[in-house]
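Chain by chain, the residues:
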Amino acid sequence: MPSHAVPEPSTGPTDLTGPTDQYRKGAEFRALHERREAFVIPNPWDAGTARLLAGLGFAALATTSAGLAYTLGRGDGTSGVDRDETLANARAIVEATALPVSADLESGFGPTPDDVATTIRLAAAAGLVGGSIEDSTGNPDDPILPFEVAVERVAAAVEAAKSLDFPFTLTARAENHFHGHHDLADTIRRLQAYEAAGADVLFAPSLPDTDAVRAVLDAVSRPVNVLAGGPGRPSVAELRALGVRRISLGSSLSRAALGAFLRAAEEVHEHGTFAYTADAVPYPRANALMRDTDPAGGPA
């Protein structure tokens, strides 16, 4: 994709939705991937968690399809979240902070490459500056798209991204390992094809170990995203040493919140005690965290 210079910071009022600000965010997001050191991109599931993460100093955010599904009372990848719901959630997260936001766009929300291209254009209209397209089918009995079909869909997403008037960072995901198909050779073949098709970032969630991460890094030249956690739970420093450029948290923050909620509710239901309140964020601090973090991404 063409290179884009990062604009000088504006000294005037921040426009969180206009084209100038979207260009700035897109350029900032692209620049994060060009650094030698890995950065962590956490995954909020609503405007409130986006503001909390921005207040902690993260440089960019990404949505989570699973986190959104859970807030809607659905399972991820089973009942499904449609494109309108996904983009409405993404828009709320975009508007909550001044940070660049990328979205989990699942498989592109449609059976054809044109559907995928439309999804990229709608994502841009929602204020996003990045998005991921995966090669899963949504069918648990046959979860991975055929190779040629998957490549064609990534190519359509790339073409749509290139047509935009700001840098849109496209991530292509190879979903084999996430669905229990532990075929590293096929995963690498797919990532190489997605790179050749023009994807900016490559991602194979749920790689089994650091040897597999090394194999992917050795096989491609574009920045690689790795999902935090997994066997051994390698740290940011360890993944950075391997050469990983981006580390996403996926649904883990959402599931951590669900875990705390369930432990508290189970304590009350099963034991009739309220010890969990000792670990709850105090009411005044919760209000202050939301009130004191403005949409520009810092203290109000």
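Here, the structure is the one placed above.
Just so it is clear, the model here is predicted, and its values are computed rather than measured.

**Thoughts on the overall build of the protein chain**
Tallying secondary structure elements over the protein chain gives 11 helices and eight strands in all. For the protein chain, the C-alpha radius of gyration of 19 Å lies close to 19 Å, the compact-globule estimate for 300 residues. Overall, the C-alpha framework of the protein chain stretches about 55 × 50 × 40 Å when taken along its three principal axes. When the 300 residues of the protein chain are sorted by exposure, 46% land in the buried category.

**Here's the deal with a nonpolar patch on the surface**
On the surface, Val268, Phe274 and Tyr276 cluster together to form a nonpolar patch covering roughly 270 Å² of accessible area. Considering the arrangement of structural elements, one finds Phe274 in the loop between α10 (252–271) and α11 (283–291).

**What to know about the sheet that holds strand β4 (residues 130–134)**
For sheets, the rule is that strands pair by backbone hydrogen bonds, running either parallel or antiparallel. In space, the eight strands of this open sheet follow the order β1-β8-β7-β6-β5-β4-β3-β2, with parallel pairing throughout. Of all the strands in the sheet, the pair left with one neighbour each is β1 (39–41) and β2 (61–62). Here two bridges tie strand β6 (residues 201–203) to strand β7 (residues 224–227), and the two strands are oriented parallel to one another. Within the sheet, the bridge partner assigned to Phe203 lies in β7 and is Asn225. On the sheet, helix α7 (residues 184–196) packs against β5 (169–173) and β6 and is oriented at approximately 160° with respect to β6.

**Digging into the environment of Ser221**
Tracing the chain through its elements places Ser221 in the loop between α8 (210–219) and β7. A C-alpha to C-alpha distance of 9.9 Å links Ser221 and Asp200, two positions 21 residues apart in sequence. Polar contacts involving the side chain of Ser221 include one to the side chain of Glu195, which spans 2.3 Å.

**Remarks on the pattern of salt bridges**
Counted according to the given criterion, the structure contains 11 salt bridges. Between Asp135 and Arg190 there is a salt bridge whose closest N-O contact spans 3.2 Å. Of this pair, Asp135 sits in the loop between β4 and α6 (147–162) while Arg190 sits in helix α7, placing them 55 residues apart in sequence. In terms of burial, Asp135 and Arg190 fall into one category: buried. Where Arg214 meets Asp211, a salt bridge forms, and the shortest distance between an N and an O atom there is 2.8 Å. A residue pair is termed a helical-turn pair when its members lie 3 or 4 positions apart in one helix, as Arg214 and Asp211 do in helix α8 at three residues. On the basis of relative accessibility, which here comes to 38%, the residue Arg214 falls in the partly exposed class. Members of the salt-bridge network, linked through shared partners, are Asp21, Arg24, Lys25 and Glu28.

**Topic: the pairing of strand β3 (residues 101–104)**
Across the two faces of β3 the burial is the same, with Val101 and Ala103 and Ser102 and Asp104 all buried. The sheet contact formed by β2 and β3 spans two bridges and is parallel. Residue pairing across strands places Ala62 opposite Ser102, the latter belonging to β3. Relative to β4, β3 is paired through three bridges, and the arrangement is parallel. When the sheet's bridge partners are listed, Asp104 is paired in β4 with Ser132. In this region the chain leaves β3, passes through helix α5 (residues 113–125) and returns to the parallel neighbour β4; the handedness of that crossover is right-handed.

**Description of the side chain of Thr86**
Looking at where Thr86 falls in the secondary structure, it is placed in helix α4 (residues 83–96). Each residue touching Thr86, except ones within four places of it in the same chain, is listed here: Leu68, Val81, Asp104, Leu105, Glu106 and Phe109.

**Brief notes about the side chain of Thr63**
By the secondary structure assignment, Thr63 is in the loop between β2 and α3 (65–71). A distance of 2.9 Å separates the side chain of Thr63 from the backbone nitrogen of Asp104, its partner in a polar contact. Beyond its immediate sequence surroundings of up to four residues, Thr63 is in contact with Asn43, Pro44, Asn89, Ala90, Ile93, Val101, Ser102, Ala103 and Asp104.

**Some words on the packing of aromatic side chains**
One pass over the full model with this rule turns up two aromatic pairs. Relative to Phe39, the ring of Phe29 lies with its centre 6.5 Å away and its plane at 80°, an arrangement referred to as edge-to-face. With Phe29 in helix α1 (residues 19–34) and Phe39 in strand β1, this pair connects stretches of sequence that are 10 residues apart. Here Phe29 matches Phe39 in class, with each residue buried. Relative to Phe168, the ring of Phe166 has its centre 6.3 Å away and its plane inclined at 65°; by these criteria the two rings are edge-to-face. On the basis of relative accessibility, which here comes to 0%, the residue Phe168 falls in the buried class. One Lys or Arg, Arg189, reaches over the ring of Phe147 and ends 3.9 Å from the middle of that ring.

Thresholds applied
Residues numbered from 1 in each chain as written. Predicted model: local features only at pLDDT ≥ 70, side-chain atom pairs only at ≥ 80, totals over all residues. Heavy atoms only, no water. Helix = DSSP H or I, 4+ residues; strand = E, 2+ residues; numbered from the N terminus. Rg over C-alpha atoms; globule rule 2.2 N^0.38 Å. Buried < 20%, exposed > 50% of the residue type's maximum accessible area, 1.4 Å probe, protein only. Patch = residues over 30% accessible without salt bridge, like charges linked within 9 Å, V, L, I, M, F, W, Y side chains within 5 Å. Areas by Shrake-Rupley, 256 points an atom, 1.4 Å probe, with all protein chains shown as cover. Salt bridge = Lys/Arg side-chain N within 4 Å of Asp/Glu carboxyl O. Pairing = 2+ DSSP bridges. Contact = heavy atoms within 4.5 Å. Axes fitted to C-alpha atoms, helices over the stretch in contact; angles between N-to-C directions. Polar contact = N/O pair within 3.5 Å; in protein donor to acceptor, adjacent residues only side chain to side chain. Right-handed = clockwise from strand over helix to strand, strands pointing away. Phe/Tyr/Trp six-rings, centres within 6.5 Å; stacked < 30°, edge-to-face > 60°. Lys NZ or Arg CZ within 6 Å of the ring centre and 35° of its normal.

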